[in-house]
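Examining the three-dimensional arrangement
Residues per chain are reported as follows:
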Amino acid sequence: MDEEEKAILEEKLIECYRIKGITFNDETLYKEKMINGRKEKVFKESIDMPILENLYQILRRYRKDKNI
């Protein structure tokens, strides 16, 4: 993998997390949940996290847009 491909992969990984609402701010790894009648921050569950299929779809769209 050359440097350009690494840069594209990094950019698309960041996009993948951004779509799920996760940024470089650690607070975005948590969501509010009602526990015993009060709102508490809990770590996001696996359904809230990106999976490889999400990255695959982003890379596929990128290739289509670039005609690669």
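Structure report, in brief. What you are looking at is a predicted structure, and each value in this text was computed from that prediction instead of being measured. Residue positions are counted from 1 within each chain, in the order its sequence is given. Since the coordinates come from a predicted model, pLDDT governs what is reported: local features require at least 70, and pairs of side-chain atoms require 80 or more to be given and counted, while whole-chain, interface and lining totals use all residues. Note: side-chain values were computed over all heavy atoms of the structure, leaving out hydrogens and water.

**Observations concerning the pattern of salt bridges**
For side chains of opposite charge, pairing can occur when their charged atoms come near one another. Only one rule defines a salt bridge in this text: a Lys or Arg side-chain nitrogen within 4 Å of an Asp or Glu carboxyl oxygen. According to the stated counting rule, one finds 10 salt bridges in the structure shown. In this structure, the salt-bridge partner of Arg38 is Glu40, at a minimum N-O distance of 2.8 Å. Remark: exposure states derive from per-residue accessible area (1.4 Å probe, protein chains only) relative to the maximum for the residue type, with buried under 20%, exposed over 50%, and partly exposed in between. Residue class for Glu40 comes out partly exposed when judged on its relative accessible area of 26%. Connected through shared salt-bridge partners, Glu11, Lys12, Glu15 and Arg61 make up one network.

**A closer look at the side chain of Lys44**
Here a helix means four or more residues in a row that DSSP labels H or I, a strand means two or more in a row labelled E, and each is numbered from the N terminus. Within the element layout of this structure, Lys44 appears in the loop between β2 (38–43) and α2 (52–66). By the counting rule applied here, Lys and Arg register as positive and Asp and Glu as negative, while His and the ends of each chain are not counted. With no salt bridge to any partner, buried Lys44 finds its closest opposite charge in Asp48, at an N-O distance of 6.4 Å. Any pair of N or O atoms that falls within 3.5 Å is considered a polar contact. Within protein, one atom must be able to donate a hydrogen and the other to accept it, and sequence-neighbouring residues count only if both atoms are side-chain atoms. Side-chain polar atoms of Lys44 contact the backbone oxygen of Lys20, separated by 3.4 Å. Contacts are assigned to residue pairs with any non-hydrogen atoms lying within 4.5 Å of each other. Setting aside residues no more than four positions away along its own chain, Lys44 makes contact with Lys20, Gly21, Ile22, Thr28, Leu29, Tyr30, Lys31 and Met49.

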